[in-house]
Amino acid sequence: MLLWRILSGCLPLKNRLGYVRESDKACDFCGIQTEDDVHLFRDCHFARCLWFVSPSGVLNGNLSTLNFEEWFMWMLESKNEALILFGACVIEHIWQCRNNLIFKGCNSNLDQSIRMLNQRVKEFNSVLLQHSYSAVSNISTTNSQVCWDVQLRVDASVQEGRAGFCTVQIQNVQEEGFVILQHIAVDSVLEAEFLAIVEALKWAVEQKANTVQVESDSLIAVKALETKALPFAWGSYPAFVECCNLVKLFDVCVVSFIPRDDNSVADSLARYSRVSSVNSRCWLREIAPFVAITL
């Protein structure tokens, strides 16, 4: 909810409060810069110190040209789950510290904040781990009970607004799998991941399949489709909605997560499609015999 309020521009930051005098709009942590979303959650010295202890040791000075939404999308598109979780906890903690300082006069202690932040991350990881075990168990049970008409793996490769994405059919005889490659302009990595899933589902519709399994190494896309919610990545929303609508056309349709190391064929072909600007539908043995046996 906090992130939604920030991205929607409705968080009561000082720069947005018309009744606050300009002389009173300074950040309460540093007392120098005007309090806005970018300064408070990223550029203030207090925020910088917290980000630096993240799993990736983020130096936000290298991202100073990005506005808050662009910076947030940079985190999402990194596909670094540890960084995304840590980032959400940092933003929550900064907002709590800011309010405690303004309304209760409680100054923030950096060492204490780091300890509290690490504890918060640990708690979330514990909950997510339990959820993951449950989800994997449920998916395994479901998959073992379903005779899939179509099983597909997808991936996207993006650079400088150009994307290549790939759909690979999983077959017992690997070389007989069908492949779809597309090259297109996109606004974000997440949009490309959704479009890869869209193409896979469209092909499944063409095959008149009733039961479909699609595997993607984009955990964000998989979780969004699982929860039917995509609150932050506005530019990816049309592709997300198209995915949701296509899923409804099947008796059973499961979009599940696959580790990137296990998705090397689709990854290689998506990169090939992007680099060579390839749009193609063919058998796997025809377009990439060198990777056919590794699927």
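Residues numbered from 1 in each chain as written. Predicted model: local features only at pLDDT ≥ 70, side-chain atom pairs only at ≥ 80, totals over all residues. Heavy atoms only, no water.

*Asks:* What exactly am I supposed to notice about the environment of Ile-180 here?
*Replies:* Counting through the fold element by element, Ile-180 comes out in strand 3 (residues 178–185). Every residue in contact with Ile-180, bar those within four places of it in the chain, is listed here: Phe-165, Cys-166, Thr-167, Glu-199, Trp-203, Ser-280 and Arg-281. (Helix = DSSP H or I, 4+ residues; strand = E, 2+ residues; numbered from the N terminus. Contact = heavy atoms within 4.5 Å.)

*Asks:* How do you make sense of the environment of Met-116 when you look at a structure like this?
*Replies:* Tracing the backbone through its elements, the reader meets Met-116 in helix 6 (residues 110–145). Residues Met-116 and His-93, spaced 23 residues apart in sequence, show a C-alpha to C-alpha distance of 8.5 Å.

*Asks:* Could you clarify how one ought to interpret helix 10 (residues 264–276) in this entry?
*Replies:* Working note: α-helix, 3.6 residues per turn, so residues spaced by three or four point in the same direction. The end-to-end C-alpha distance of helix 10 is 18 Å, a good match for the 18 Å that 13 residues give at a rise of 1.5 Å each. Among all positions of helix 10, only Val-265, Ala-266, Asp-267, Leu-269, Ala-270, Ser-273 and Arg-274 are buried. (Expected span 1.5 Å × (residues − 1). Buried < 20%, exposed > 50% of the residue type's maximum accessible area, 1.4 Å probe, protein only.)

*Asks:* Just checking my understanding: could you explain the packing of aromatic side chains for this structure?
*Replies:* Aromatic rings considered in pairs are described by the distance between their centres and by the relative angle of their planes. All chains considered together, the criterion is met by 10 aromatic pairs. When the centroid spacing of 5.3 Å and the interplanar angle of 80° are considered together, the rings of Phe-178 and Trp-283 count as edge-to-face. Placement of Phe-178 in strand 3 and of Trp-283 in strand 6 (residues 280–283) is noted, with a sequence separation of 105 residues between them. An aromatic cluster is built from Phe-41, Trp-51, Phe-68, Trp-71, Phe-72 and Trp-95, whose rings are joined through pairwise contacts. A cation over an aromatic ring shows up here: Arg-42 above the ring of Trp-71, its NZ or CZ 5.9 Å from the ring centre. (Phe/Tyr/Trp six-rings, centres within 6.5 Å; stacked < 30°, edge-to-face > 60°. Lys NZ or Arg CZ within 6 Å of the ring centre and 35° of its normal.)

*Asks:* Help me understand the sheet that holds strand 3, please; the structure alone is not making it clear to me.
*Replies:* Across a sheet, strands are paired by hydrogen bonds formed along the backbone, either parallel or antiparallel in direction. With respect to topology, 6 strands assemble into an open sheet ordered 5-4-1-2-3-6, the strand pairing being mixed. Edge positions in the open sheet fall to strand 5 (252–257) and strand 6, since each of these has one partner strand only. The mean angle between the axes of side-by-side strands here comes to 20°, regardless of whether they run parallel or antiparallel. Across 7 bridges, strand 2 (residues 162–169) lies against strand 3 in antiparallel orientation. Counted as the bridge partner of Ala-163 is Ile-184 from strand 3. Sheet strands in contact with helix 8 (residues 219–227) are strand 4 (211–216) and strand 5, and its direction is about 145° off that of strand 5. (Pairing = 2+ DSSP bridges. Axes fitted to C-alpha atoms, helices over the stretch in contact; angles between N-to-C directions.)

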